[in-house]
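Understanding the architecture of this molecule
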Amino acid sequence: MKFNKKKYLSIVILSVFAGQTFAAGLERSPQQIDALFESDTYAEVSYTHISPDVQGTDFSGNHISDLAEDFQTLGYAVKTDLSPSLRLAVIYDEPYGAKVKFEGDNNFIAKDIEGADAHTRVEVTSKNLTTLLGYNLNKNFMIYGGPALQELKADVHLRGLTYGLNSGFNNSFDDIAVGWVAGMSYAKPELGILASLTYRSEIEHKTTIQEDVPVADLIGFDYSHTNEGSITTPESVNLNLQTGLNPTTALFAKVRWVPWGDFAYYPPVLRASTAALGKGKDGNGLPLLNYHDDQTAVELGIGKRLSPKLAMSVSGLWDSGAGAPAPTLGPVEGYWGVGLAAKYNINENVAFSLGGRYMWFGDVKGEISDGTIVGDFKDNNGYIVGMKLSYKSK
């Protein structure tokens, strides 16, 4: 679609920021598929820096300094028209992640271990490659779908008085699995209208899990440190809406739902050894990680084309979180936030986008998987800076 003042502001102008965030559960990206809705041949590459500041106190009243480390994500997407009614998009993002390390003098630091290994620390990374085919039923309606290839990797070390007899627990895995995506959209570009509804399936990772479980050693539980297990990343639904107010101004809304309340990760040895002690629901053992509620996230905003080369958007953000108390992996209960973004057309084909978000995290008690409250986390916040370079043939 060529730039034309008589046409309404399009989703192309509004999608100036990749949308990474510090959200409920392990989520780090809302898994948007904006590239599919671009006209002509399109490509983009994006970079995002996420800087959360999460502090609190442990159950002994000791201060916990910023436990959430900064991290970065990359993204790219390409889209092309295969025919007048068929389009193809390939989208890479990094949807799940965590980077946590406890510092200082508190109950998340082991007193009987020297050096860096004394610290509770967690790192989760993911890579997602989604391939979508879109088919235009008519000039307004499109259906789309395709596979999503996902790599999920985790490295967990629990230390200190917080974890009691299980201080010294280690867990790691790395796996690749496949899910699927399907959706439909309605567009009326002459009025700046675009609506899309996208469903992503859950993805089950059946993988080899490495475990060291001190409580199993203490009770004489006979086990292998390498076992087959599984972890399932949750399904999700994204609803995106946009409507033009006039040829240079548009309103947009994005709603995302993820059933984190159904998520639980049970490493096999941890589950079996804690079940032997009668712990967990109905004595069936404890998970390493679980959440209490589903997540709903909402973004509402307005976009404005200021000149033929420059467009900006401002938005308000809300995330429900995944319930309270929250795991010590990410002890926040949702957030309120604001976002600001701009897109500058360098020339007819190339554009540069820059965006930022500031978030106020909800206060929450931190718990371990047996429900014991082990910390209190208040008055925390974070910011995100993202940039994107895009190319479109005209």
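Whatever comes next refers back to the structure up there.
Residues numbered from 1 in each chain as written. Predicted model: local features only at pLDDT ≥ 70, side-chain atom pairs only at ≥ 80, totals over all residues. Heavy atoms only, no water.

Looking now at helix H3 (residues 268-276). When H3 is considered as a whole, its buried residues turn out to be Val 269, Leu 270, Ser 273 and Thr 274. All buried residues of H3 fall inside an arc of 120° around its axis, so they share one side. Within two residues after H3, Gly 278 carries a phi angle of roughly 75°, on the positive side. (Buried < 20%, exposed > 50% of the residue type's maximum accessible area, 1.4 Å probe, protein only. Helix = DSSP H or I, 4+ residues; strand = E, 2+ residues; numbered from the N terminus. Arc of directions from axis to C-beta.)

On to the pattern of salt bridges. Tallying each qualifying case throughout the model produces eleven salt bridges. We note a salt bridge from Lys 101 to Glu 103, for which the minimum N-O separation is 3.8 Å. On the basis of relative accessibility, which here comes to 24%, the residue Lys 101 falls in the partly exposed class. Ionic pairing is found between Lys 111 and Asp 105, a salt bridge with its closest N-O pair at 2.6 Å. According to the relative accessible area criterion, Asp 105 is exposed, its value standing at 55%. (Salt bridge = Lys/Arg side-chain N within 4 Å of Asp/Glu carboxyl O.)

Here we take up the sheet that holds strand E22 (residues 364-367). Within the open sheet, the five strands sit side by side as E3-E2-E23-E22-E19. Their pairing is mixed. The outermost strands of the open sheet, each flanked by one partner alone, are strand E3 (63-64) and strand E19 (326-327). Direction of pairing for E19 relative to E22: parallel, over a ladder of two bridges. By the bridge assignment, Ala 326 is partnered in E22 with Gly 366. (Pairing = 2+ DSSP bridges.)

On to the environment of Asn 170. Take Asn 170: it is sitting in strand E9 (residues 169-188). Of the residues examined, Asn 170 reaches a relative accessible area of 17% and is grouped as buried. Note: C-alpha distance between Asn 170 and Asp 212 (42 residues apart in sequence) is 5.0 Å. Those residues in contact with Asn 170 that sit more than four places away from it in its chain are Val 156, His 157, Arg 159, Gln 210, Glu 211 and Asp 212. Separated by 2.9 Å, the side chains of Asn 170 and Arg 159 make a polar contact. (Contact = heavy atoms within 4.5 Å. Polar contact = N/O pair within 3.5 Å; in protein donor to acceptor, adjacent residues only side chain to side chain.)

Within the largest apolar cluster, 50 residues are counted, with the highest numbers of intra-cluster contacts made by Leu 26, Leu 67, Val 213, Trp 260, Phe 263, Tyr 291 and Leu 329. Secondary structure elements with two or more residues in this core: strand E6 (98-101), strand E7 (121-136), strand E8 (141-158), E9, helix H2 (214-218), H3, strand E21 (350-361) and strand E23 (373-377). Broken down by element, the residue count for this core peaks at four residues, all from E8. Aside from chain neighbours lying at most four places away, what touches Tyr 291 is Gly 25, Leu 26, Trp 260, Gly 261, Phe 263, Ala 322, Pro 327 and Leu 329. Counting residues in hydrophobic clusters, the runner-up holds 15 residues, among them Leu 36, Tyr 42, Ile 91 and Met 142. (Core = buried A, V, L, I, M, F, W, Y, C linked by side-chain atoms within 4.5 Å.)

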